[in-house]
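# Coordinate analysis (summary)
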Amino acid sequence: MNILNAFFSALGQIGDPKFRAVLLRGIGLTILFLVIACAGAIWLINGLSGREISLPFIGAVPWLNDVLNYSGILLVLILPVFLMVPVASAVTSIFLDEVAQAVEDKHFPTLPTARRIPVSEALLDSLSFLGVLVFANLLALILYAIFTPLAPFIFWAMNGFLLGREYFTLAAMRRVGRDGARKLRAKHATTIWVAGTLMAIPLSVPLINLVIPIIGAATFTHIYHALSDPKV
């Protein structure tokens, strides 16, 4: 299975109107969610600060308000960077069915109609995926602190595994169902992990990480069809 061929086939379709429509919606929703997250953080910090803070056995500690305010500024700067990858990836997974259909319409036009994934099911999968990504990246902060020089490789390997697992499953289950996708994923776990890692590397580049999830969704559609071929 040539992963690069799948990637360049997906990249060559970036001008497809269906791709552009999903891309614009995905970027818009990603930015909206990030703005909401930052606004929520500011609201929470404002609710905690602005009044005198007292600690048991110590009494009033006025400088804690300053700490909260400066922490709030730092949080608002860091939060979009930290959430960009999981939010952009999860948002794209909502539209993966449309991306996969666009790929199949162009490259596999003789295929029978795929099973349409209900919006409620896609939304539930995306929320679950977002939760897993955020939780895993929070845990990874410990590894980043312990193995600082290896932090980028840990980030790429971990997110590559999660992204590959999710995107391949979503692309495959349209054709073979959830159980069939799980079996095929287990059979080709290494290939899927490598492909996911190659997708995770550019995800660490600001702005480019808004586009990569769409390309990744298309790439994994090509990968699914290659791996489901009995000759592979």
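Whatever comes next refers back to the structure up there.
Residues numbered from 1 in each chain as written. Predicted model: local features only at pLDDT ≥ 70, side-chain atom pairs only at ≥ 80, totals over all residues. Heavy atoms only, no water.

## Regarding the nonpolar core
Counting 56 residues, the largest nonpolar core has Phe168, Phe220 and Ile223 as the members making the most contacts within it. Here this core gets 15 residues from one element, more than from any other, and that element is helix α6 (residues 151-187). (Core = buried A, V, L, I, M, F, W, Y, C linked by side-chain atoms within 4.5 Å. Buried < 20%, exposed > 50% of the residue type's maximum accessible area, 1.4 Å probe, protein only. Helix = DSSP H or I, 4+ residues; strand = E, 2+ residues; numbered from the N terminus.)

## Notes on the packing of helix α5 (residues 119-146) against α6
Packed helix pairs are specified by the crossing angle of their axes together with the interaxial distance, meaning the distance between the axes. The geometry of α5 relative to α6 is characterised by a closest axis approach of 10 Å and an angle of 165° between their N-to-C directions. The orientation of α5 with respect to α6, classified from their angle, is roughly antiparallel. Crossing angle aside, the handedness with which α5 passes α6 is right-handed. Facing α5, whose interface residues are Glu121, Asp125, Phe129, Val132, Leu133, Ala136, Asn137, Ala140, Leu143 and Tyr144, α6 presents Ala151, Ile154, Phe155, Met158, Asn159, Leu162, Leu163, Glu166, Tyr167, Leu170, Met173 and Arg178. Split into classes, the residues belonging to the contact of α5 with α6 amount to 16 nonpolar, two polar and four charged. (Axes fitted to C-alpha atoms, helices over the stretch in contact; angles between N-to-C directions. Parallel < 35°, antiparallel > 145°, perpendicular 65-115°, else oblique. Left-handed = near helix turned anticlockwise from the far one by under 90°. Contact = heavy atoms within 4.5 Å. Nonpolar A, V, L, I, M, F, W, Y, C, P; charged D, E, K, R; others polar.)

## Re the environment of Ile192
Here Ile192 shows up in helix α7 (residues 189-203). For the pair formed by Ile192 and Tyr167, sequence separation is 25 residues and the distance between their alpha carbons is 9.3 Å. Discounting chain neighbours no more than four positions away, the residues touching Ile192 are Gly164, Arg165, Phe168, Arg185, Phe220 and Leu227.

## A short note on the packing of α6 against α7
In the contact formed by α6 and α7, the axes pass within 6 Å of each other and the chain directions differ by 130°. One way to sum up the angle between α6 and α7 is to call them oblique. Crossing of α6 over α7 shows right-handed handedness. A per-class count over the contact of α6 with α7 returns 15 nonpolar, five polar and three charged.

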